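Examining the three-dimensional arrangement
What follows is each chain in one-letter form.
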Amino acid sequence: MSGADTIYLVEVGSEQAGEGERNTVGGWPVLDAGRAWPVCDCGERMVLFFQVDVPADIAVFGGDHLLVFQCPKHNDACFPPSSRRLPEGFWDAPPDNDMRFWQILLHKGNTRAAEADAYLQPHRLILTRAEERIDEHGRGRPGFKLGGVPAWAQDPEHYICRCGAALAQVCQVPEDFGFDKRPERPSQPYTFHDDQYGLFLGNEVYIVACPEHCDPAAAWPIAQN
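Below you will find a few notes about this structure. (Residues numbered from 1 in each chain as written. Predicted model: local features only at pLDDT ≥ 70, side-chain atom pairs only at ≥ 80, totals over all residues. Heavy atoms only, no water.)

What follows concerns the overall build of the protein chain. Per the secondary structure count, the protein chain includes 0 helices and 14 strands. Put simply, the protein chain runs from its N terminus to its C terminus through helices and strands in the order β-β-β-β-β-β-β-β-β-β-β-β-β-β. Over its C-alpha atoms the protein chain spans a radius of gyration of 16 Å, differing by no more than 12% from the 17 Å that the globule rule assigns to 225 residues. C-alpha extents for the protein chain along the principal axes are approximately 45 × 35 × 35 Å. For the protein chain, with 225 residues in total, the buried portion stands at 51%. Within the protein chain, contacts between residues separated by at least 24 positions form 72% of all contacts whose residues are at least 6 apart in sequence. Surface summary for the protein chain: the accessible area is close to 9700 Å², and the carbon and sulfur share equals 46%. Measuring between centres, the 19 positive side-chain charges of the protein chain sit 4 Å from its 33 negative side-chain charges. (Helix = DSSP H or I, 4+ residues; strand = E, 2+ residues; numbered from the N terminus. Rg over C-alpha atoms; globule rule 2.2 N^0.38 Å. Buried < 20%, exposed > 50% of the residue type's maximum accessible area, 1.4 Å probe, protein only. Contact = heavy atoms within 4.5 Å. Areas by Shrake-Rupley, 256 points an atom, 1.4 Å probe, with all protein chains shown as cover. Lys, Arg positive; Asp, Glu negative; His and termini not counted. Charge placed at Lys NZ, Arg CZ, Asp CG, Glu CD.)

Take the side chain of Lys145 next. Looking at where Lys145 falls in the secondary structure, it is placed in strand S9 (residues 145-146). Among the residues examined, Lys145 registers a relative accessible area of 0% and is labelled buried. Side-chain polar atoms of Lys145 contact the backbone oxygen of Arg141, separated by 2.7 Å. Contacts of Lys145, omitting those with residues within four sequence positions, involve Ile7, Tyr8, Leu9, Val10, Glu132, Gly140, Gln169, Val170, Cys171 and Gln172. (Polar contact = N/O pair within 3.5 Å; in protein donor to acceptor, adjacent residues only side chain to side chain.)

What follows deals with the sheet that holds strand S4 (residues 47-53). Taken together, 10 strands build an open sheet; the order of strands is S6-S5-S4-S2-S8-S1-S9-S10-S13-S14 and the sheet is antiparallel. One side of each edge strand has no neighbouring strand; the edge strands of this open sheet are strand S6 (102-107) and strand S14 (219-224). Here strand S1 (residues 6-16) pairs with S9 via 2 bridges, running antiparallel. Within S9, the residue paired with Leu9 across the bridge is Lys145. (Pairing = 2+ DSSP bridges.)

Space left empty within the atom packing is revealed by a probe, the size of a water molecule, rolled over the atoms. The full count for this structure, using the stated rule, is 1 cavity of 30 Å³ or more. A volume near 40 Å³ is recorded for the largest cavity. Considering the residues around the largest cavity, the lining is formed by Leu106, Ala209, Cys210, His213, Asp215, Pro216, Ala217 and Ala218. Looking at the lining of the largest cavity residue by residue, the classes come out as 6 nonpolar, 1 polar and 1 charged. (1 Å grid on protein atoms, 1.4 Å probe; cavity = no way out; pocket = protein on both sides within 12 Å on 5 of 7 lines; lining within 4 Å. Points joined across faces, edges and corners; volume = space filled by probe spheres on them. Nonpolar A, V, L, I, M, F, W, Y, C, P; charged D, E, K, R; others polar.)

We note that Asp96 has phi near 65°; this positive angle belongs to a residue other than glycine. Within the secondary structure, Asp96 is located in the loop between strand S5 (65-70) and S6. Residue Asp96 is classed as partly exposed on the basis of its relative accessible area, which comes to 47%.

So, about the packing of aromatic side chains. Think of a pair of aromatic rings as described by two things: how far the centres are apart, and how the planes are tilted against each other in angle. Applying the stated criterion to the full structure yields 13 aromatic pairs. Relative to Phe177, the ring of Phe144 lies with its centre 5.0 Å away and its plane at 75°, an arrangement referred to as edge-to-face. In this pair, Phe144 sits in the loop between strand S8 (123-131) and S9 while Phe177 sits in the loop between strand S10 (168-173) and strand S11 (179-180), placing the two residues 33 residues apart along the sequence. In this structure Phe144 comes out as buried when scored by relative accessible area, which is 5%. Grouping aromatic residues by their ring pairs yields a cluster made of Phe90, Trp91, Phe101, Trp102, Phe200 and Trp220. Geometry around Trp37 places Arg45 over its ring, the cationic atom sitting 3.7 Å from the centre. (Phe/Tyr/Trp six-rings, centres within 6.5 Å; stacked < 30°, edge-to-face > 60°. Lys NZ or Arg CZ within 6 Å of the ring centre and 35° of its normal.)

This brings us to the layout of surface pockets. In this model, the largest pocket occupies a volume close to 300 Å³. What lines the largest pocket is a set of 22 residues, and nearest its centre among them are Gly148, Pro150, Leu167, Ala168 and Gln169. Residue composition of the lining of the largest pocket, by class: 14 nonpolar, 6 polar and 2 charged.

As structure tokens, this is what we get:
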């Protein structure tokens, strides 16, 4: 398999993740040097939904560390921008959205946070190497995966980074994919399951990012259903 054909299927394992692990739901986020834990515009510290080391044989983003955060109090779709060209600082002020309640980071840093995420049960992520399959409509394999071609639920969406590079898929999360919450935590607003949290109202999510790595936060979540 070439890098362009290679994907990794992602599964949430049954074993709990410990401090220092890098492929996790929840757990201790591994951040870029000098970057603080992301905070929502409402002031609430965001939930670490998952983090993963992108395998080296994945095209474009191999060797990067991906982290996906969302506010525990704000659960909404990320609305598509009206322009294909995203503006300067789009990750801090998402165009055509009311607020920034999510953060996606892609970097090669190695600074582990001092404490674990307080909302989700920490579990290991299991990566399985596979080959991308493209159907007659140009859609890739469905499911939770790293790399590959989006398995679009609706019409394809393509965006240009503020630096001029075409954003490329780094990860895909299927519709209504639940992340187990800690028992003592409240249910997520607008949830599809009382015992789980979901990303962007449980929509199918396609995470695209700048292939030029112009900023660790130069990534955009496309939500479809």
